[in-house]
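So the chains spell out like this:
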Amino acid sequence: MNHCDLSQAEQKKRREIAEHTRKMILSELKIESQDDISLMAGYRDYYLQISFSELHPLLVFCLAKALEKPSTARQRQMTNELNLHSILGSHAINDEIGCYSYRATQWLDAELGAPRFFEILDRCVDEADRGYGKLTA
């Protein structure tokens, strides 16, 4: 689907939902950096990137935390196992920059208030904690 395939009313609705959600997040979190697509902050010992896609409409959470050493074959296998059992998102290890990350996507087809936003975000952090804990145990 191309953006031009959407009606003007639907494009406007999606843009307004994304703008409302972005403003709500800016008022609720201490944002360290931002651009047209993403907001970056620290949250519960993770580097947090929140990205928006008006077209789809999606809200993407990416949580990252440093790993002390390059990954082992066992950790990479554990990452695959985590992904087999993860419904919400995906776990990854990036040895190039030395971090673990968890990425989850949420439909943004209705306005999102702060309580629901933090419920979703905290659920993502809980899953990231579970993955990071298994990999570093």
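Residues numbered from 1 in each chain as written. Predicted model: local features only at pLDDT ≥ 70, side-chain atom pairs only at ≥ 80, totals over all residues. Heavy atoms only, no water.

**Student:** Describe in detail the state of the cysteines, supporting the description with residues and values.
**Tutor:** If you walk through the whole model with that rule in mind, you get zero disulfides. Residue C62 stays outside any disulfide, its sulfur separated by 7.7 Å from that of C99, the closest cysteine. Accessibility expressed as a relative area gives 23% for C62, which makes it partly exposed. (Disulfide = S-S within 2.5 Å. Buried < 20%, exposed > 50% of the residue type's maximum accessible area, 1.4 Å probe, protein only.)

**Student:** Before we move on, could you go through unusual backbone geometry and cite the residues and values that matter?
**Tutor:** Even without being glycine, R44 reaches a positive phi, approximately 45°. Secondary-structure assignment places R44 in the loop between strand 2 (38-43) and strand 3 (46-53). The backbone of D45 shows a phi angle near 70°, a positive value even though the residue is not glycine. With respect to the helices and strands, the residue D45 is situated in the loop between strand 2 and strand 3. (Helix = DSSP H or I, 4+ residues; strand = E, 2+ residues; numbered from the N terminus.)

**Student:** An account of the sheet that holds strand 2 is requested, with residue identities and associated values reported.
**Tutor:** Strand order in the open sheet formed by six strands is 1-2-3-4-6-5, with antiparallel pairing between adjacent strands. Two strands bound the open sheet, and with one partner strand each, they are strand 1 (31-34) and strand 5 (89-94). On average, adjacent strands in this sheet sit at an angle of 20° to one another, irrespective of strand direction. As paired elements, strand 3 and strand 4 (residues 58-66) share seven bridges and run antiparallel to each other. Looking at the pairing, Q49 lines up with C62 of strand 4. Here helix 1 (residues 8-28) sits on the sheet in contact with strand 1, strand 2, strand 3 and strand 4, set at roughly 160° to strand 3. Of the strands in this sheet, strand 2, strand 3, strand 4, strand 5 and strand 6 (99-107) are in contact with helix 3 (residues 114-136), which crosses strand 6 at around 150°. (Pairing = 2+ DSSP bridges. Axes fitted to C-alpha atoms, helices over the stretch in contact; angles between N-to-C directions. Contact = heavy atoms within 4.5 Å.)

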